[in-house]
Amino acid sequence: MSDLYAQLVRSRPGGLLARQVGLPRPAALERHRPGDPVIRGRVLLGGAPGAQLLEPIAATLGQAGCELASESEEQLRELLAKARLDATIYNPQAPGKQRLKALVYDATGIAGCEQLAAVHAFFHGSVRQLDTCGRVIVLGREPERCESVAQHVAQRALEGFTRSLGKEVGRGATVQLVLVSPGGEHALASTLRFLLSPRSAYVSGQVIHVASPALASGELDWERPFAGRTALVTGASRGIGAAIAQTLAQEGAHVVGLDVPALSMELAGLVERLGGEAIELDITATDAPERLAARFSEGLDVLVHNAGVTRDRTIAKMPTERWSALMEINLCSQERIDEALLDAGALREHGRIVCVSSMSGIAGNAGQTNYATSKAGAIGRVQALAPVLAERGVTINAVAPGFIETQMTAAMPIAIREAGRRMSSLRQGGEPVDVAETIAWLAHPASGGITGNVVRVCGQNLLGA
């Protein structure tokens with residue numbers, strides 16, 4: 001469903017009225033199209049004294065074809081010489097405005113509260129040059145792994161900075177914090193590429209943890225990273241599920257879409273367009289896990305648990321069967337399917353599991369105690385299984401969508417729908433492709449250092465995010 005309000009305030013007369021009245025004016029978000037570069041525009045790279053990640057960051061950005069700039073010509077040239085790259089040198093004192101598409105700042109060297117002044121010094125002037133739909137990425141260390149209390153405090157402070165900056169930048173820009181464990185510097189490429197690109201259009205205010213990958217990803221085709229890989233997407237026939245299937249297929253995956261027999265026509269049409277195959281199956285059926293284990297006995301690379309339903313009612317008015325039916329679909333069936341596939345050894349090395357949770361599972365929602373319970377449970381599964389699966393080289397993560405423009409949200413009363421759209425830093429709803437692109441990043445062969453993460457695809461929801 002189109003956002004008529006956003007269309008109005010983006011027009012010239014509507015924009016003038018919005019400014020006079022003080023109404024929010026959501027920017028038209030840039031989204032990825034096949035063949036697009038990672039980012040269009042200059043990327044300013046900076047770091048605090050003692051920064052530890054500048055070299056791998058510069059190498060990754062250069063290999064991605066980014067136009068790099070830095071306030072320190074000498075430091076940048078040294079980094080680029082090691083990576084055999086070229087870049088423009090950014091001069092903040094130059095006359096006129098130098099627009100920047102992204103700001104990337106290495107804060108790993110900050111070891112005390114006084115040193116946080118370096119963060120202010122870098123962003124105080126440069127953030128004013130950030131272009132529409134720009135990107136800000138701050139990289140730090142996990143506070144729990146810091147060697148001193150002072151360092152722990154300073155690194156933890158970065159979260160408050162990035163979440164607040166995400167609510168200040170406006171004009172469709174996004175801000176993220178990436179916490180890198182020792183060894184994680186070798187697994188930054190997929191995360192930096194995703195967060196810089198329009199693929200992350202509706203992801204903002206997030207804290208992402210990157211660790212040392214259990215297995216090396218090897219050589220990759222960044223345009224078709226899933227070539228030769230098989231992906232199973234449950235609930236694939238429509239909405240977010242269809243977008244996930246399409247995105248994975250565009251990037252080379254052989255997609256197997258699964259949905260209930262009642263949606264067989266829609267499912268068949270989707271997989272035919274994608275050159276994939278369909279499985280008509282009720283995932284709550286007693287034999288469903290065994291049937292899937294048998295189907296993928298030769299190996300499965302990506303498993304996306306997207307199937308889910310809502311059965312809204314307040315707890316006082318919710319009959320037992322309404323609670324139980326939803327829990328079976330949204331949570332219990334996932335547990336059984338994962339167990340069957342893992343016991344059968346069906347998930348290959350570099351296997352990826354991605355669960356679709358929800359902002360309701362984080363912030364709660366009136367009338368959705370059953371739904372929120374199931375989605376919070378999905379997050380619990382990710383957090384509990386991540387260290388166990390890491391021993392097999394398998395990652396598991398979750399996405400938590402906020403207000404996404406689907407058939408379900410289109411049916412909402414207009415007041416609730418408008419509130420859902422505006423209650424985020426981006427002041428608009430997301431699209432199914434925003435969830436799909438985030439899942440493709442988490443499922444990427446180069447994302448082996450990302451596990452146990454819960455990434456909110458909510459435009460930095462102003463409540464609970």
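The preceding data block contains the structure.
Described in the following lines is the structure provided in the data block. Keep in mind the model is a prediction, meaning the values are calculated, not measured.

Some words on the environment of Cys458
Alright, step 1. By the secondary structure assignment, Cys458 is in the segment after β13 (454-457).
Alright, step 2. A relative accessible area of 2% means that Cys458 is categorised as buried.

Structural notes on the sheet that holds strand β7 (residues 230-234)
Alright, step 1. The strand order across the open sheet formed by seven strands is β9-β8-β7-β10-β11-β12-β13, and the pairing between neighbours is parallel. Each of the sheet's edge strands pairs with one partner strand only, and the pair in question is β9 (277-280) and β13. Taking each pair of neighbouring strands and ignoring which way they run, the sheet shows an average axis angle of 20°.
Alright, step 2. With five bridges connecting them, β7 and strand β8 (residues 254-259) associate as parallel partners. In the sheet register, Thr234 faces β8, and the bridge partner there is Leu258.
Alright, step 3. Packing against the sheet, helix α11 (residues 320-343) makes contact with β10 (300-305) and β11 (347-356), and its axis sits at approximately 175° to β10.
Alright, step 4. Its contacts with the sheet place helix α16 (residues 432-443) against β10, β11, β12 (395-401) and β13, and it is angled at close to 165° to β12.

What about the sheet that holds strand β1 (residues 42-47)?
Alright, step 1. The parallel open sheet is built from six strands, whose spatial order is β2-β1-β3-β4-β5-β6. Of all the strands in the sheet, the pair left with one neighbour each is β2 (67-70) and β6 (206-210). Averaged over neighbouring strand pairs, the angle between their axes works out to 25° when direction is ignored.
Alright, step 2. Both strand β4 (residues 130-140) and strand β5 (residues 174-180) contribute to a ladder of six bridges, which runs parallel.

Side note on the state of the cysteines
Alright, step 1. Going through the model one piece at a time under the given rule, you end up with zero disulfides.
Alright, step 2. Left unpaired, Cys66 is separated from the closest cysteine sulfur, that of Cys133, by 16 Å.
Alright, step 3. On the basis of relative accessibility, which here comes to 9%, the residue Cys66 falls in the buried class.
Alright, step 4. Not part of a disulfide, Cys332 finds its nearest cysteine sulfur in Cys355, a span of 13 Å.

What to know about helix α5 (residues 117-126)
Alright, step 1. All of the buried residues in α5 are Ala118, Val119, Phe122, Phe123 and Ser126. Summarising the axial view, the buried residues of α5 lie within an arc of 110°, below the 170-degree limit, and thus occupy one face. Pointing more than 90 degrees away from the buried face of α5 are the exposed residues His120 and Ala121.
Alright, step 2. Turning to α5, the residues buried within the fold contact β1, β3 (100-106), β4 and α6 (149-166).

Focus: the packing of aromatic side chains
Alright, step 1. Summed over the entire model, instances satisfying the criterion amount to five aromatic pairs.
Alright, step 2. Residues Phe122 and Phe123 carry aromatic rings whose centres are separated by 4.9 Å and whose planes lie at 85° to one another, so their mutual orientation is edge-to-face. Considered together, Phe122 and Phe123 belong to a single accessibility category, that of buried residues.
Alright, step 3. By the ring-pair criterion, three or more aromatic residues cluster together here, those being Tyr105, Phe122, Phe123 and Phe161.
Alright, step 4. When the ring centre of Trp222 is taken as origin, the NZ or CZ atom of Arg193, which lies over that ring, is 4.0 Å away.
Alright, step 5. Positioned above the aromatic ring of Phe296, the side-chain terminus of Arg295 is 4.5 Å from the ring centre.

Calculation rules
- Residues numbered from 1 in each chain as written.
- Predicted model: local features only at pLDDT ≥ 70, side-chain atom pairs only at ≥ 80, totals over all residues.
- Heavy atoms only, no water.
- Helix = DSSP H or I, 4+ residues; strand = E, 2+ residues; numbered from the N terminus.
- Buried < 20%, exposed > 50% of the residue type's maximum accessible area, 1.4 Å probe, protein only.
- Pairing = 2+ DSSP bridges.
- Axes fitted to C-alpha atoms, helices over the stretch in contact; angles between N-to-C directions.
- Contact = heavy atoms within 4.5 Å.
- Disulfide = S-S within 2.5 Å.
- Arc of directions from axis to C-beta.
- Phe/Tyr/Trp six-rings, centres within 6.5 Å; stacked < 30°, edge-to-face > 60°.
- Lys NZ or Arg CZ within 6 Å of the ring centre and 35° of its normal.

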